[in-house]
Amino acid sequence: MVRNKSFNKLTNVIHDLMIHVKIMTVNNAPYKEMYDFIDEIEYLPQLIVSKEDQTELFDNELIRICEKYNLPNILNKYNDLSE
């Protein structure tokens, strides 16, 4: 589980990351780059539904991914979703 965020807001963050995959496709990103990105984000939903508290790991992974792929808008949106 991820504390301090509603399930809907967490799924919106995952949705935004998936939209980025579409943008990568339209921009003809190399397949390896798209594969790597998808490989990194696929772990996040598992953290959301985990029975244990995975908040810190989710936050750290999201920060790392957003910094690596230059997605400050997604990270800022996530940080603005705190309840």
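Just so it is clear, the structure is predicted and the values come from calculations on it, not from any experiment.

Peer 1: How should the overall build of the protein chain be read in this particular structure?
Peer 2: For the protein chain, the helix and strand inventory stands at 5 helices and 0 strands. The order of α-helices and β-strands along the protein chain, N terminus first, is α-α-α-α-α. The C-alpha radius of gyration computed for the protein chain amounts to 13 Å, which stays within 12% of the reference 12 Å derived for 83 residues, consistent with globular compactness. Projected onto its principal axes, the C-alpha coordinates of the protein chain cover approximately 35 × 20 × 20 Å. A burial count over the protein chain gives 39% of its 83 residues as buried. Partitioning the contacts of the protein chain with sequence separation of at least 6, the portion at a separation of at least 24 is 69%. Of the roughly 5500 Å² of accessible surface on the protein chain, 53% is carried by carbon and sulfur atoms.

Peer 1: Help me understand helix α2 (residues 31-41), please; the structure alone is not making it clear to me.
Peer 2: An α-helix turns once per 3.6 residues; consequently, residues spaced three or four apart project the same way. Here α2 has its buried residues at Met34, Phe37, Glu40 and Ile41. Looking down the long axis of α2, one finds its buried residues gathered within 130° of arc, a one-sided arrangement. Of the residues in α2, the exposed ones pointing more than 90 degrees away from the buried face are Tyr31, Lys32 and Tyr35. The inward-facing, buried residues of α2 contact α1 (7-26), α3 (44-49) and α4 (55-68).

Peer 1: Please clarify how α4 should be interpreted in this entry.
Peer 2: With 14 residues, α4 should reach 20 Å at 1.5 Å per residue; the first-to-last C-alpha distance of 20 Å fits that figure. Listing the buried residues of α4 in full gives Thr55, Phe58, Glu61, Leu62, Ile65 and Cys66. The arc that holds the buried residues of α4, viewed along the axis, is 135°, so those residues lie on one side. Opposite the buried face of α4, at more than 90 degrees from it, the exposed residues are Glu56, Glu67 and Lys68. The inward-facing, buried residues of α4 contact α1, α2, α3 and α5 (72-80). With its phi angle positive at about 55°, Asn70 sits one or two positions after the end of α4.

Peer 1: Got a minute to help me understand the packing of α1 against α2 in this structure?
Peer 2: Packed helices, taken two at a time, are described by their axes: the angle between them and the distance between them. The interhelical angle for the contact between α1 and α2, taken along N-to-C directions, is 175°, at an axis separation of 10 Å. Taken together, α1 and α2 sit at an angle that is classed as roughly antiparallel. Residue-level contacts link Leu17, Met18, His20, Val21, Met24 and Thr25 of α1 to Glu33, Met34, Phe37, Ile38 and Ile41 of α2. Taken together, the residues of the contact of α1 with α2 break down into 8 nonpolar, 2 polar and 1 charged.

Peer 1: Hey, could you run me through the packing of α1 against α5 in this one?
Peer 2: Running from N to C, α1 and α5 cross one another at 175°; their axes reach a closest spacing of 10 Å. Taken together, the axis directions place α1 and α5 in an arrangement best described as roughly antiparallel. Here Leu10, Val13, Asp16 and Leu17 of α1 lie close against α5, whose contacting residues are Ile74, Lys77 and Tyr78. Looking at the contact of α1 with α5 residue by residue, the class counts come to 5 nonpolar, no polar and 2 charged.

Peer 1: Could you clarify how one ought to interpret the confidence of the model for the protein chain in this entry?
Peer 2: Parts of the model with low pLDDT should not have their predicted coordinates read in detail. Looking at the protein chain as a whole, its pLDDT mean stands at 91, while 96% of the residues score no less than 70. Mean pLDDT in the protein chain bottoms out at α5, which sits at 89, and peaks at α2, which reaches 96.

Conventions and cut-offs
Residues numbered from 1 in each chain as written. Predicted model: local features only at pLDDT ≥ 70, side-chain atom pairs only at ≥ 80, totals over all residues. Heavy atoms only, no water. Helix = DSSP H or I, 4+ residues; strand = E, 2+ residues; numbered from the N terminus. Rg over C-alpha atoms; globule rule 2.2 N^0.38 Å. Buried < 20%, exposed > 50% of the residue type's maximum accessible area, 1.4 Å probe, protein only. Contact = heavy atoms within 4.5 Å. Areas by Shrake-Rupley, 256 points an atom, 1.4 Å probe, with all protein chains shown as cover. Arc of directions from axis to C-beta. Expected span 1.5 Å × (residues − 1). Axes fitted to C-alpha atoms, helices over the stretch in contact; angles between N-to-C directions. Parallel < 35°, antiparallel > 145°, perpendicular 65-115°, else oblique. Nonpolar A, V, L, I, M, F, W, Y, C, P; charged D, E, K, R; others polar. pLDDT = per-residue confidence, 0-100.

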